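Listed here are the chains, written in short residue letters.
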Amino acid sequence: MPTLPRYDDLPRPADDPTGLPLAWGVWGPADEVGTLNRITDATVAAAREEIRDGRRFNLNLPLDEPFGAALDGAHRRRAAPTPVMVAEEHPGRVTRDDRLDGFWLQASTQWDGLSHFADPTHGFYNHAPLASIMHGAASRNGIDKALAHGMAGRCVLADLPRHFARTGRDWGPMGGRRATAEDLVACLAAQGVALRPGDILLVRTGWLAAFRAAPGAAARHLLIQGEAGARDYSGLDGQEPMWRFLWDAGIAAVAADNPTVEAWPIFPWKPALHLAIARLGLCLGEFFDLEALAADSAATGRFTAFFTAAPLHLRGGIGSPGNALAIR
């Protein structure tokens, strides 16, 4: 991989209302995968050392979770899919087929493609015009490009609830609490793990554990909608110090167990990790099931694993189910 600029050396366009950097062109004018370029043959080959016992951890929620476990209308658009089974029975041949109706690709464990979020001034990542965001072979920045590049390597888990419980920090999955870059550094140091370029950072916020522990659909609905519909998820602080930390650490992707990775709400023209999708080419994953992996990490003291994910091969897809697996 060529030497990349440090975060503070990235260009900042003049008269930009955000004052934030643009990483466009860092991996060439035709790049469509952004920070996934940190995943190289060398980083994947090195990550094979993480496979020691052959134990596998599914990181994907059922496709009907979380929205199918809450009240109708938990999201303004997205909902759980409806599976439909088709049966055929003939003499000498019995088959079953199925389809999913109302299948939103970002309604459960998901990847956000680089065509999901645009910068309001500059557009989609790496000079992709709005007209290039489409389905089909001519698309730019689709999730199929992430699949073609390959999402694999070493993952590192940051278990924030356990870390904050040890340190006496007030934390909960709602309330808009923010974990700063310094908090992440402290968490990883306490876990005895250091980041390497090309790592996939997995962040456990405790949202999924709270969602599953909620006593019913109404309580689960509240964990999606927030009080009076004001969504206020706790998560990573999306301010510029987090941009700098993730960029300079060489992180390839960040995935969390909550709906947004970062603390929510976010505000127009202000730094947010979702804005970094467009400006840095940052790969984000949401609603990842990290519970079994985190429990194993707490029991063994090991917070790394081999990670692989295969987004759907939908040309021009805006997002995709996670299809992720951790192996130890």
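Residues numbered from 1 in each chain as written. Predicted model: local features only at pLDDT ≥ 70, side-chain atom pairs only at ≥ 80, totals over all residues. Heavy atoms only, no water.

The protein chain goes by Cyclase family protein in an unreviewed UniProt entry, where it is assigned to Roseomonas nitratireducens.

*Asks:* How should I be thinking about the overall build of the protein chain in this particular structure?
*Replies:* What the protein chain contains, in helices and strands, is nine helices and 13 strands. For a compact globule of 328 residues, the expected C-alpha radius of gyration is about 20 Å, and the protein chain comes in at 20 Å, within 12% of that figure. Summarising its shape, the C-alpha atoms of the protein chain cover approximately 70 × 50 × 50 Å along the three principal directions. Relative to its 328 residues, the protein chain shows a buried fraction of 53%. Long-range contacts, defined as pairs at least 24 residues apart, comprise 78% of the intrachain contacts of the protein chain with a sequence gap of at least 6. For the protein chain, the exposed area adds up to about 14100 Å²; of that, 56% sits on carbon and sulfur atoms. When the 32 positive and 37 negative side-chain charges of the protein chain are each reduced to one mean point, those points stand 2 Å apart. (Helix = DSSP H or I, 4+ residues; strand = E, 2+ residues; numbered from the N terminus. Rg over C-alpha atoms; globule rule 2.2 N^0.38 Å. Buried < 20%, exposed > 50% of the residue type's maximum accessible area, 1.4 Å probe, protein only. Contact = heavy atoms within 4.5 Å. Areas by Shrake-Rupley, 256 points an atom, 1.4 Å probe, with all protein chains shown as cover. Lys, Arg positive; Asp, Glu negative; His and termini not counted. Charge placed at Lys NZ, Arg CZ, Asp CG, Glu CD.)

*Asks:* Any chance you could explain helix α9 (residues 291-300) here in plain terms?
*Replies:* Those residues of α9 that sit buried are Leu293, Ala294, Asp296 and Ser297. On an axial view of α9, the arc spanned by its buried residues comes to 160 degrees, and they lie on one face. Here the buried face of α9 lies against β1 (56-58), β5 (151-159), α3 (160-167), β7 (200-204) and β13 (324-327). Where α9 terminates, the next one or two residues include glycine 301, which has phi positive at roughly 75 degrees. (Arc of directions from axis to C-beta.)

*Asks:* For this particular structure, what's the right way to read the pairing of strand β3 (residues 93-101)?
*Replies:* For a regular strand, side chains alternate in direction, first toward one face of the sheet and then toward the other. As judged from the nine bridges shared by strand β2 (residues 82-90) and β3, these two strands associate in the antiparallel manner. Note on β3: the bridge partner recorded for proline 83 is leucine 100. If you look at the hairpin formed by β2 and β3, you'll find two residues sitting between the two strands, and glycine 92 has a positive phi there, around 85 degrees. (Pairing = 2+ DSSP bridges.)

*Asks:* How should I be thinking about the layout of surface pockets in this particular structure?
*Replies:* Over the atoms rolls a probe the size of a water molecule, and its path tells where empty space is left. Of the voids in this model, the largest pocket is the one considered here, and its volume is about 390 Å³. What lines the largest pocket is a set of 22 residues, among which His75, Arg76, Arg78, Arg231 and Trp264 lie closest to the centre. Looking at the lining of the largest pocket, the elements that each hand over two or more residues are β4 (110-112) and α6 (217-225). By residue class, the composition of the lining of the largest pocket is nine nonpolar, seven polar and six charged. In this structure, the second largest pocket encloses a volume near 170 Å³. Along the walls of the second largest pocket sit Arg77, Arg78, Phe103, Trp104, Leu105, Gln106, His116, His135, Leu314, Ile318 and Gly319, which together make up its complete lining. Broken down by class, the residue content of the lining of the second largest pocket amounts to five nonpolar, four polar and two charged. (1 Å grid on protein atoms, 1.4 Å probe; cavity = no way out; pocket = protein on both sides within 12 Å on 5 of 7 lines; lining within 4 Å. Points joined across faces, edges and corners; volume = space filled by probe spheres on them. Nonpolar A, V, L, I, M, F, W, Y, C, P; charged D, E, K, R; others polar.)

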